[in-house]
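Listed here are the chains, written in short residue letters.
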Amino acid sequence: MDEILKTSVGEMGLADFDCSCGRHHKMNIQKLVMGKGVLHQITEIAQPFREGPILMVSDQNTFQAAGKRVLEYLEEDGFSVKSLMFDSKDQILIPDESIVGKVLLHMEKETKLLIGVGSGSINDTVKYISSRTGVPYVIVCTAPSMDGYVADGAPLILEGKKISFPAALPYGVLGDTDVMRQAPERMIQAGFGDVLGKLTALADWSLAKQLRGEYYCQTCVTLVQRALQKVLDHADGLAKREDDAVLYLIEALNLTGVAMGLLGISRPASGAEHMLSHYWEMDFIAQGRFPELHGIKVGIATPIIADIFDQMKEYIPEDVAKEAPKREICEELLRRVHAPVDPKEIGIGKDLFHRSIIEGYQVRDRYSILALAVEKGKIREIADRLTERIYG
């Protein structure tokens, strides 16, 4: 029971065990390869699909970072590969209807495998298409920027709104630290911000367990906490792009994904901090503005949610209050990796910020500290206080 706590990252994809939480957990990711200099192993991962064409999807940045070499490795080994590269210029690639449609139009009827080379947008697009076509996919990580590599949801933009669609788990995940440590600093900061958000996400889950009787798995919580602590302990090394620190970051992001996959819910990874992030993103997209990286927004939202936990401490169980992180600690951790801390740094205006605190709980049907503040009639008071502190 709970054998996964003794399992290496590479073996977790095929986890299958009875858990002390009372449920049976199972995943079916065939290959999880993480480490230094492992990019060439793409040919081994793709071996079962040698008989049919492969579609590789990337953008202009991820193609240069890893896609070009992935394509060379596969072609030199005799695979038939079609490469589709998006050119998003200087903007983030937005995974909307046009991107999904273009990938589908480039897929041959006999396609046996999809390979996504990238992080958030590429990953979400490919996994969504995999789930709808039945064609398995492999993701080649190019940045330790988010936790969705092994998650079974695909957040996409539909008619200007961000919607998380059910999607497929990957057949394989390949993460080479030689590639990821060269990622733009902003993407490494985003990964750190996404990991930092687990502090408030886990506190939210504990709150929901105690106040609403929601299902809770201590094994998966422990799995995430262990990985999270490694990242926080090596924050300074991450700022210097040290190999071990980058490896711990991508492992933590993927272990969080494993936990979500085992549970079938995103509770270990996503709480009120993600609600604020999604609220801000939808507003930015609606205005045609650059939406900023997901993890950057989550990182900024985490100390804000930590502050709300502190302001609501008289309404929450004592052990949940102790579990919730302190705002000052979260802010200091962000500064150690040179990540943005203040919402003003990414263009979140005073009105948007105030509205997000009051309305953020509506982003998804999930109990959180925001929902509790609404229940207790404290949300507007908290929004006023936070807005005054941050914006003056």
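Residues numbered from 1 in each chain as written. Predicted model: local features only at pLDDT ≥ 70, side-chain atom pairs only at ≥ 80, totals over all residues. Heavy atoms only, no water.

Glancing now at the sheet that holds strand β6 (residues 113–118). Pairing within the open sheet is parallel, and its six strands lie in the order β3-β10-β7-β6-β4-β5. At either end of the open sheet lies a strand with only one pairing partner, and these are β3 (31–35) and β5 (81–86). When the angles between neighbouring strand axes are averaged without regard to direction, this sheet yields 15 degrees. Against the sheet, helix α2 (residues 60–76) contacts β4 (54–59), β5, β6 and β7 (137–141), and its axis sits at roughly 155 degrees relative to β4. Against the sheet, helix α10 (residues 243–263) engages β3 and β10 (172–176), with an angle of about 160 degrees to β3. (Pairing = 2+ DSSP bridges. Helix = DSSP H or I, 4+ residues; strand = E, 2+ residues; numbered from the N terminus. Axes fitted to C-alpha atoms, helices over the stretch in contact; angles between N-to-C directions. Contact = heavy atoms within 4.5 Å.)

This paragraph deals with the packing of helix α3 (residues 97–106) against helix α4 (residues 120–133). In contact at an axis separation of 10 Å, α3 and α4 are set at 55 degrees when each is read in the N-to-C sense. When the axis of α3 is compared with that of α4, the two are oblique. Between α3 and α4 lies a crossing whose hand is right-handed. In this structure, α3 uses I99, V100, V103 and L104 to contact α4, whose residues at the interface are T125, Y128, I129 and T133. A breakdown of the residues in the contact of α3 with α4 according to their chemical character gives six nonpolar, two polar and no charged. (Parallel < 35°, antiparallel > 145°, perpendicular 65-115°, else oblique. Left-handed = near helix turned anticlockwise from the far one by under 90°. Nonpolar A, V, L, I, M, F, W, Y, C, P; charged D, E, K, R; others polar.)

Glancing now at the side chain of T111. Along the chain, the position of T111 falls in the loop between α3 and β6. By relative accessible area, T111 is classed as buried at 8%. Engagement of the side chain of T111 in a polar contact is seen with the backbone oxygen of E108, the distance being 2.8 Å. With residues near it in sequence (within four places) discarded, T111 still touches P53, L55 and V135. (Buried < 20%, exposed > 50% of the residue type's maximum accessible area, 1.4 Å probe, protein only. Polar contact = N/O pair within 3.5 Å; in protein donor to acceptor, adjacent residues only side chain to side chain.)

At a minimum axis distance of 9 Å, the contact between helix α7 (residues 198–212) and helix α12 (residues 294–311) shows a crossing angle of 35 degrees. Crossing of α7 against α12: the hand is left-handed. Residues T200, A203 and D204 of α7 pack against T302, I305, A306 and F309 of α12. Looking at the contact of α7 with α12 residue by residue, the class counts come to four nonpolar, two polar and one charged.

Ranked by size, the top nonpolar core spans 119 residues in total, and within it W280, I357 and I369 carry the most contacts. The dominant element in this core, judged by the number of residues it contributes, is α10, at twelve residues. Ranked by size, the runner-up nonpolar core spans 24 residues in total, among them V33, L71, L74 and V117. (Core = buried A, V, L, I, M, F, W, Y, C linked by side-chain atoms within 4.5 Å.)

Taking 1.5 Å per residue, 15 residues should reach 21 Å; helix α11 (residues 272–286) reaches 21 Å between its end C-alpha atoms and fits that length. When you tally the buried positions in α11, you get 13 out of 15 residues, the bulk of the element. Trailing α11 by a residue or two, G288 shows a phi angle of about 70 degrees, which is positive. (Expected span 1.5 Å × (residues − 1).)

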